Amino acid sequence: MTTVRLIGVSDKPSARTLRLPAWLPPYLQAAPLTLILAAFLLAPILLIAVVSFWDYDFAQMYPDFVTFNYTETLGSWVTWKTYLNTLKFAAIVWVITLFIGFWVAYFLAFHIRSSAMQTVLFLVCTVPFLTSNIIRMISWIPVLGRNGLINQALVGAGIVPQPIEWLLYSDFAVVLAMVHLYTLFMVTPIFNTLTRIDKSLVEAARDAGASSWQILTNVIIPLAKPGMAIGTIFVVTLVMADFSTVQVMSGGQSASVALMMKNQMSLLQYPAAAANAVVLLILVLLMVAAILRVVDIRKEL
């Protein structure tokens, strides 16, 4: 039992005591955060799920319980194609950011000996985040455009006879912009994991005759898996929810689930957008659950 003594306003302490069960104080300490999560996370998700079953027309929504929002979403080949396109973006961006993020984090953790220099170089990686995502995204337009820097350089050097059209307003531009936006979300957790690796393990493997490749594949990468898993969760969830990059960098020639929901909301089709949001949430949760089944990230938290 936990005993809490109540002190009165006078100088003499009161003889009354309030006895609480030993199991109750931890729940009382967690109650404020639980209430905040319930109010700002669970309640909005529940509201979206409720609205996904409402009826609607061109002017308003009607509280009801209908399932055609889900049947239209899951029964349309266009919707399935949009989901596959979103998963394609997520897979490509994940592979590229994982490759770049791991080697950047590896360089910072194992090739930069000074902790101060590691911090400085890591802060340099965060400098682009001082500007908004939109500005960093559209900064690629004058670089990739028909009259952009890359095409001018290629045509001027005689490498290509005319400007390359697919550099901008294409899936390539979408992937490039997403890699630029989200690579740091992969670098940070991997770097945090690599800095925790005991350097004596690497030295022991080297003394045992292991090559650099063997040390990397048998020591460093297995120990870096929790950070790679956390970075994967960050990148995949961000790509799945991104609509502005797809809309701007593809020039409206490509689609994603988030962009489809944005278009539905602009047409006041909120129940249909809510149904897509529920399906997307379930898909993302299944992907995160699969990652957590493969890698235990609790040691990293």
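Residues numbered from 1 in each chain as written. Predicted model: local features only at pLDDT ≥ 70, side-chain atom pairs only at ≥ 80, totals over all residues. Heavy atoms only, no water.

J.: How should I be thinking about the overall build of the protein in this particular structure?
T.: For the protein, the count of helices and strands is 13 helices and four strands. Relative to the 2.2 N^0.38 estimate, which gives 19 Å for 301 residues, the radius of gyration of the protein is 26 Å and therefore markedly larger than a compact globule would have. Across its three principal axes, the protein shows a C-alpha extent of roughly 95 × 70 × 40 Å. For the protein, buried positions account for 36% of its 301 residues. Nonlocal contacts in the protein, meaning residues at least 24 apart in sequence, comprise 65% of its contacts between residues at least 6 apart. Counting every atom, the protein has about 18200 Å² of accessible surface; 70% of that belongs to carbon and sulfur. Measuring between centres, the 17 positive side-chain charges of the protein sit 11 Å from its 13 negative side-chain charges. (Helix = DSSP H or I, 4+ residues; strand = E, 2+ residues; numbered from the N terminus. Rg over C-alpha atoms; globule rule 2.2 N^0.38 Å. Buried < 20%, exposed > 50% of the residue type's maximum accessible area, 1.4 Å probe, protein only. Contact = heavy atoms within 4.5 Å. Areas by Shrake-Rupley, 256 points an atom, 1.4 Å probe, with all protein chains shown as cover. Lys, Arg positive; Asp, Glu negative; His and termini not counted. Charge placed at Lys NZ, Arg CZ, Asp CG, Glu CD.)

J.: Looking at this structure, how should I read the side chain of S250?
T.: In this fold, S250 is placed in the loop between α11 (244-249) and α12 (257-266). Beyond its immediate stretch of four places on either side in the chain, S250 contacts Y169, S170, V174 and T245.

J.: Please explain the pattern of salt bridges as it appears in this structure.
T.: Evaluated as defined, the whole model comprises three salt bridges. We note a salt bridge from E165 to R146, for which the minimum N-O separation is 1.9 Å. Of this pair, E165 sits in the loop between α7 (149-156) and α8 (171-195) while R146 sits in the loop between α6 (141-144) and α7, and the two are 19 residues apart along the sequence. For R146, a relative accessible area of 44% corresponds to the partly exposed category. We note a salt bridge from R206 to E203, for which the minimum N-O separation is 3.4 Å. Pair noted here: R206 and E203 are both in helix α9 (residues 199-207), with a separation of three residues, about one helical turn. Assessed through its relative accessible area of 42%, R206 is described here as partly exposed. (Salt bridge = Lys/Arg side-chain N within 4 Å of Asp/Glu carboxyl O.)

J.: In this structure, what is going on with the side chain of S254? I would like to understand it.
T.: Secondary-structure assignment places S254 in the loop between α11 and α12. Polar contacts involving the side chain of S254 include one to the side chain of D171, which spans 3.2 Å. The contact partners of S254, leaving out residues within four places of it in the chain, are N85, F89, D171, V246 and L259. (Polar contact = N/O pair within 3.5 Å; in protein donor to acceptor, adjacent residues only side chain to side chain.)

J.: Explanation requested: the nonpolar core in the structure shown.
T.: Soluble globular proteins tend to bury their nonpolar side chains together. With 68 residues, the main nonpolar core has F110, M178, I190, L194, I220, V239 and M249 as its most contacted residues. Mapped by element, the contributors of at least two residues to this core are α3 (77-111), α8, α9, α10 (212-240), α11, α12 and α13 (270-294). Ranked by residue count, the leading element in this core is α8, at 14 residues. Setting aside residues up to four positions removed in sequence, I220 forms contacts with F102, Y106, F110, L194, I197 and I215. (Core = buried A, V, L, I, M, F, W, Y, C linked by side-chain atoms within 4.5 Å.)

J.: Explain a nonpolar patch on the surface to me, please; I cannot follow it from the model alone.
T.: A surface patch of nonpolar side chains, amounting to about 880 Å² of accessible area, comprises L33, I36, L37, F40, L41, L42, I45, L281 and L285. Sort the elements by how many residues they give to the nonpolar patch and helix α1 (residues 24-51) lands first, with seven residues. Among the structural elements, F40 can be located in helix α1. (Patch = residues over 30% accessible without salt bridge, like charges linked within 9 Å, V, L, I, M, F, W, Y side chains within 5 Å.)

J.: Got a minute to help me understand the packing of α3 against α10 in this structure?
T.: What describes two packed helices is the angle between their axes and the distance between those same axes. Contact pair α3 / α10: the axes reach a minimum separation of 9 Å and the direction vectors enclose 135°. Our classification of the angle between α3 and α10 gives oblique. Crossing angle aside, the handedness with which α3 passes α10 is right-handed. Contacts from T86, L87, F89, A90, V93, W94, T97, L98, F102, W103, Y106 and F110 in α3 reach L216, I220, I221, A224, M228, T232, V235, V236, V239 and M240 in α10. (Axes fitted to C-alpha atoms, helices over the stretch in contact; angles between N-to-C directions. Parallel < 35°, antiparallel > 145°, perpendicular 65-115°, else oblique. Left-handed = near helix turned anticlockwise from the far one by under 90°.)

J.: It is not clear to me how unusual backbone geometry should be interpreted in this structure. Could you clarify?
T.: Keep in mind that most residues, glycine aside, have a negative phi and that most peptide bonds are trans. A positive phi angle is found at Y169, which is not glycine, with a value near 55°. If you trace the backbone, Y169 turns up in the loop between α7 and α8. For Y169, a relative accessible area of 39% puts it in the partly exposed group. A positive phi angle, near 65°, is found at L268, a position not held by glycine. Structurally, L268 is set in the loop between α12 and α13. Residue L268 is classed as partly exposed on the basis of its relative accessible area, which comes to 36%.

J.: Hey, could you run me through the packing of α1 against α13 in this one?
T.: Relative orientation of the contacting elements α1 and α13 amounts to 125°, with a least axis distance of 7 Å. By the angle between their directions, the pair α1 and α13 is classed as oblique. Read as a crossing pair, α1 and α13 show a hand that is left-handed. Taking contact as the criterion, the partners of I45, I48, A49 and V51 in α1 are, on α13, Y270, P271, A274, A277, V278 and L281. By residue class, the composition of the contact of α1 with α13 is ten nonpolar, no polar and no charged. (Nonpolar A, V, L, I, M, F, W, Y, C, P; charged D, E, K, R; others polar.)

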